[in-house]
Amino acid sequence: MKPSSVSLGSYLVLKIAWAPIYNHPLPEGHRFPMEKYELLPRQLVHEGVVDESAFFSPRKLEEFEILKVHEYTYWRKLLTLDLTRQEERRSGFPISQQLVEREITINGGTLQCAEYALEWGVAMNIAGGTHHAYADRAEGFCLLNDIAIAARHLIDNQLAKQVLVVDLDVHQGNGTARIFQDDPRVFTFSMHGAHNYPLKKELSDLDIPLNDGIKDDEYLSLLRQTLGDLIDRVKPDFIFYQSGVDILASDKLGRLGVSPEGCAERDLMVFEKMYEYGLPVVAAMGGGYSKDIKVILDAHANTYRAAVQMYF
């Protein structure tokens, strides 16, 4: 029995959130591969994975939506660019008004994707997956927690009763785990590198820490064993998928040993399971830090290829 009211026959339109502001200028030599947000949509269209009409320009979040998750004091400091040097360093980015506007837009994209997924079954954000952002601070290239804001939107508006976060980025979704630590309506699952950032892990509802260098077979076996049982136990009616590609062996910040083929199989496995259960799903891209930008782009593109293969 499928625990969702979404009809599999309604999976007709793939909506993808994207705006030019996603590609934010950074100082020369910055380790974050910001250009992927401009190049990935081009690659998807060039390959014919999606048509240009799939992309929509997300709206900016309203302040009240941000404050459903984030503390007022932190939000005002962010809005007025009043972070200390230590807080700015923790964020990973030079703070600017344009960066804050970018974050509000990306978060709006994930929230709108959640609404589209309720109608069409699946929606995707070219950016997002900002799972290190806490209610009261920025961390690890994450200023506002898009998955947390969108999940709270669904619950507060009675659009979902039980949300499951499937976080497969190589770094634990510490901010998301902490935000929902006392909220049983959002179940957080994080499968991540045991010895990677963040040094101090939070307690997700389910954590699977992975040893350095784990290969495809072991990684995929663990995920396969977990997903179906988890859905049966949690009985979610909505899924957020953080699909970071920093699990690749080539990733500069990763430490795992997954191949591009294994990463692509991971994505297909997740979408197959969501399709099987009839669950609406939003995919947010998360991290990817391989030296070769082409490797990053191809791995992220595989997430879209998998969604199109499964639903269309």
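**Q** Provide a residue-level description of the pattern of salt bridges, including the pertinent values.
**A** The tally for this structure, following the rule as stated, stands at 19 salt bridges. One salt bridge in this structure joins Asp183 and Arg185, with 2.9 Å as the shortest N-O distance. On the basis of relative accessible area, Asp183 is assigned to the buried category, the value being 10%. Given a relative accessible area of 34%, Arg185 falls into the partly exposed group. Across the salt bridge formed by Asp267 and Arg266, the nearest N and O atoms sit 3.0 Å from each other. A relative accessible area of 0% places Asp267 in the buried class. You can call Arg266 buried: its relative accessible area is 0%. A single network of salt bridges, built from pairs that share partners, joins Glu47, Asp298 and Arg305.

**Q** Can you lay out the pairing of strand 5 (residues 186–193) for me, pointing to particular residues and giving the numbers?
**A** Within strand 5, eight of the eight residues are buried, leaving the element largely enclosed by the surrounding structure. With helix 7 (residues 174–179) bridging strand 4 (residues 163–167) and its parallel neighbour strand 5, the resulting β-α-β unit is right-handed. Strand direction decides the pairing type here: strand 5 and strand 6 (residues 206–210), joined by five bridges, are parallel. Bridge pairing in strand 6 places Phe189 opposite Leu206.

Parameters and conventions
Residues numbered from 1 in each chain as written. Predicted model: local features only at pLDDT ≥ 70, side-chain atom pairs only at ≥ 80, totals over all residues. Heavy atoms only, no water. Salt bridge = Lys/Arg side-chain N within 4 Å of Asp/Glu carboxyl O. Buried < 20%, exposed > 50% of the residue type's maximum accessible area, 1.4 Å probe, protein only. Helix = DSSP H or I, 4+ residues; strand = E, 2+ residues; numbered from the N terminus. Right-handed = clockwise from strand over helix to strand, strands pointing away. Pairing = 2+ DSSP bridges.

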